[in-house]
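# Overview (structure and organization)
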Amino acid sequence: MSSNKWMQRLTSDFGKIASHITRPTESVIPLPSPSLNWAVGNGGLVSGKALLFYGPESSGKSLLMQLTMAQIQKKDPEAICILFDAEYAFNPSWFEKLGGDLSRLVVRQTNDPLKIFDYISGEMLEMLQEGAPIKAIAIDSVKSIKYPKDMKKQSTDMVMGGGGASYLGSALKHVTPVIREYGVTCLLVQQVYEEMDQYKKMSNPWLIPDGRALKHFCDYMAEVTRIDTKDGRVEGESSFFGVTSQVGHKVRVKFKKNRTAAPYRTAQFTLDYDSGIVNVPDEIFDLAKSLQVVYHPKNPETGKENIQMWQFASYDPIRGEANMRTFVAGSKKIQEEIMEHCLSATDDQINKRNEEMGGLHQFDDIDKDL
């Protein structure tokens, strides 16, 4: 028999020839943050994958989840997204301000796992089989789901920790084939506990409830933290009494797991509470600066760096960082060229950036349960 005949027999049921499987770069969802697209690899999220945003309270996880759904809607004008709002906290005005289409977003407010996981593998799967253009599902948050063990407890029997440790793993196994076969992007939000052991905290500051199940299910695991410094705050206009309100903050996202590209990259951007990700030109400059794509040119006579001058590729050097930022901000073409260079950065450049961003620990204990 010829090899083609054997291949036909081997793929006659549900097998696929590897060369026919869609490659990650063919179904990418670009995000509004250049450094986030760089950190996740491939220029954006891959459709049909599962992404977990985890981190402390008020770091920006839910906003990032909604921004991602808005991007999915923009990419496909017929795309429908489903949000399982287990926290009963969805704000339609915010989603609209972030660029989302409320008419193509279905919000199911429930923390009953049967109405979430059984619905996905039951009614939703039937609609997908009939051709429903459901392109994304989101759960906000996994920690708010009331699992069977939680339902049987009295309030005095409650203990801190993940109640879904024995439930969530098998439940997510029903979700995996649905999102894979029909290219549905799954977005999860999870709150965390702070590590109290100071020695363990140096390598991993957070404990993720139900982390083992989430780690095995998700293709991406993104640690979202707010930069709590003066420079990390985005202030609004001064009031009559001279008091300013905070309208946003800088966010740092570390990818602790990535099945589609190189993991352990870090993104940093500015998140505005009303309009989403802002200050994109500055973000591109900071990314390029950390990767040494924008650099100090060397004096050809002495071989030393001229720290007053900045240069990108073969363009003429520019004096002063502020002037270089203005040069980058003034041209979309320059910004696109810089991002191309950033995407092709070497391992040495990436490692140096990670060190400057506080370091990433490849073996962080991200799957602990309390």
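Below or above, wherever it landed, is the structure these notes cover.

Calculation notes
Residues numbered from 1 in each chain as written. Predicted model: local features only at pLDDT ≥ 70, side-chain atom pairs only at ≥ 80, totals over all residues. Heavy atoms only, no water. Core = buried A, V, L, I, M, F, W, Y, C linked by side-chain atoms within 4.5 Å. Buried < 20%, exposed > 50% of the residue type's maximum accessible area, 1.4 Å probe, protein only. Helix = DSSP H or I, 4+ residues; strand = E, 2+ residues; numbered from the N terminus. Contact = heavy atoms within 4.5 Å. Axes fitted to C-alpha atoms, helices over the stretch in contact; angles between N-to-C directions. Parallel < 35°, antiparallel > 145°, perpendicular 65-115°, else oblique. Nonpolar A, V, L, I, M, F, W, Y, C, P; charged D, E, K, R; others polar. Phe/Tyr/Trp six-rings, centres within 6.5 Å; stacked < 30°, edge-to-face > 60°.

Counting residues in each nonpolar core, the largest one holds 55 residues, and the members touching the most others are Met69, Val253, Phe255 and Ile338. With six residues, helix H3 (residues 61-75) is the largest single contributor of residues to this core. Sequence-distant contacts of isoleucine 338, defined by excluding residues within four places in its chain, comprise Ile284, Ala288, Val293, Val294, Phe312 and Val328. Formed by 35 residues, the second largest nonpolar core is a distinct cluster that contains Ile82, Ala86, Leu128 and Tyr147.

The next point concerns the packing of helix H10 (residues 280-290) against helix H13 (residues 347-356). Interhelical geometry of H10 versus H13 gives an angle of 110 degrees and a closest axis separation of 9 Å. Classified by the angle between their axes, H10 and H13 sit roughly perpendicular to one another. For the pair formed by H10 and H13, the contact residues are Asp286, Leu287 and Ser290 on the first element and Gln349, Arg353 and Glu356 on the second. Within the contact of H10 with H13, the residues separate by chemical class into one nonpolar, two polar and three charged.

To describe a pair of aromatic rings, one takes the distance between the centres and the angle between the planes. Inspection of the entire model under this criterion finds eight aromatic pairs. Between phenylalanine 84 and tyrosine 119 the ring centres are 6.1 Å apart and the planes differ by 70 degrees, which places this aromatic pair in the edge-to-face class. Taken as a pair, phenylalanine 84 in strand S4 (residues 80-85) and tyrosine 119 in helix H5 (residues 117-129) lie far apart in primary sequence, 35 residues in all. Taking relative accessible area as the criterion, tyrosine 119 reaches 9% and is therefore assigned buried.

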